[in-house]
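# Summary of the model geometry
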Amino acid sequence: QVQLVQSGAEVKKPGASVKVSCKASGYTFTDYWMHWVRQAPGQGLEWMGHFNPKSGDTYFVQKFQGRVTMTRDTSINTAYMELSSLSSDDTAIYYCASDTVRTTCGDYWGQGTLVTVSS
Amino acid sequence: QSALTQPASVSGSPGQSITISCTGTSSDISHFDYVSWYQHHPDKAPKLIIYEVTNRPSGVSNRFSGSKSGNTASLTISGLQAEDEADYYCSSYSYSNIWVFGGGTKLTVL
């Protein structure tokens, strides 16, 4: 069965960077786009971006321009999302989601990774 | 890219039907049939319940149905059950490989 397992919770200081991992199993990792979505406390879901694990092509919301990097290691079926220059506004649960339907923000989701930015 | 517009909350009694609307623009909902709906219970990952406007993934109850007219998509839940109480989000593809979510709707089962 398809599973996405994310890395554990992180606490970071303002200005630092965080790198969240998402290990995929149960399907061919390079066949489907991977999305990253976050949810700040008390807020709704926010689509950050997505990337193609086969080609490395990446698209993301303009607000993250220059701060977000989405990469992958196909040898271990793992996707990564790195966010730099963190501020308290980046405190959120970060989700990876694989789109095996090819027309959604993801039909299989990771369990989420809580990133807390605090001085 | 602006978020899609959803009502903040809806409510209904067990057995009733409710509909949640999701209003977009000519850049997203009205131009593409890639509207999805997600159910999100606290402390769990979001669950896809509708994709491509009307399709249900395997295992999703047929009490959930979707539709679209112009720039507005809708999710209808019939025969409300207590376990349907959750947050619901719509999403749509937009131009230039960008996706957008709605602000979310909190469903309360009275």
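In this report, the structure presented in the accompanying data block is examined. In this text the structure is predicted, and so the values were computed from the model without any measurement.

The next thing to look at is the interface of chain B and chain A. The interface of chain B with chain A comprises 19 residues on the first partner and 22 residues on the second. Here chain B meets chain A over a buried area of about 1,600 Å², counting both sides, of which 69% is carbon and sulfur. Among the residues of chain B in contact with chain A, Asn97(B), Trp99(B) and Phe101(B) are the three that bury the most area, contributing 38% of the side total. At the junction of chain B and chain A, the tally comes to zero salt bridges. The tally of links from chain B across to chain A stands at seven residue pairs in polar contact (both at pLDDT 80 or more). Listed by contribution, the elements that provide at least two residues to the side of chain B that touches chain A are β3 (35–40), β7 (86–94) and β8 (98–101) of chain B. The residue makeup of the side of chain B that touches chain A, split by class, is 10 nonpolar, seven polar and two charged.

Right, let's get into the state of the cysteines. Note: disulfide means a covalent bond formed between the sulfur atoms of two cysteine side chains. Scanning the model with the defined rule gives two disulfides over all chains in all. The disulfide that involves Cys22(A) links it to Cys96(A), with 2.0 Å between the sulfurs. Between Cys22(A) and Cys96(A), the S-S dihedral sits near 75 degrees, and the bridge is therefore right-handed. Of this pair, Cys22(A) sits in strand β3 (residues 18–25) while Cys96(A) sits in strand β9 (residues 92–98), and the two are 74 residues apart along the sequence. A single burial state applies to Cys22(A) and to Cys96(A), both of which are buried. Shown here is the disulfide that connects Cys22(B) with Cys90(B), its sulfur atoms set 2.0 Å apart.

All right, on to the packing of aromatic side chains then. The tally for this structure, following the rule as stated, stands at nine aromatic pairs over all chains. With a centroid separation of 4.9 Å and an interplanar angle of 85 degrees, the aromatic rings of Phe32(B) and Tyr93(B) are classed as edge-to-face. Here the residue Phe32(B) occupies a position in the loop between β2 (18–23) and β3, and Tyr93(B) occupies one in strand β7, the gap between them amounting to 61 residues. The same class applies to Phe32(B) as to Tyr93(B), namely buried. The side chain of Lys19(A) reaches across the aromatic face of Tyr80(A), ending 4.8 Å from its centre.

Analysis parameters
- Residues numbered from 1 in each chain as written.
- Chains lettered and ligands numbered in written order.
- Predicted model: local features only at pLDDT ≥ 70, side-chain atom pairs only at ≥ 80, totals over all residues.
- Heavy atoms only, no water.
- Contact = heavy atoms within 4.5 Å.
- Buried area = accessible area lost by both parts, 1.4 Å probe.
- Salt bridge = Lys/Arg side-chain N within 4 Å of Asp/Glu carboxyl O.
- Polar contact = N/O pair within 3.5 Å; in protein donor to acceptor, adjacent residues only side chain to side chain.
- Helix = DSSP H or I, 4+ residues; strand = E, 2+ residues; numbered from the N terminus.
- Nonpolar A, V, L, I, M, F, W, Y, C, P; charged D, E, K, R; others polar.
- Disulfide = S-S within 2.5 Å.
- Buried < 20%, exposed > 50% of the residue type's maximum accessible area, 1.4 Å probe, protein only.
- Phe/Tyr/Trp six-rings, centres within 6.5 Å; stacked < 30°, edge-to-face > 60°.
- Lys NZ or Arg CZ within 6 Å of the ring centre and 35° of its normal.

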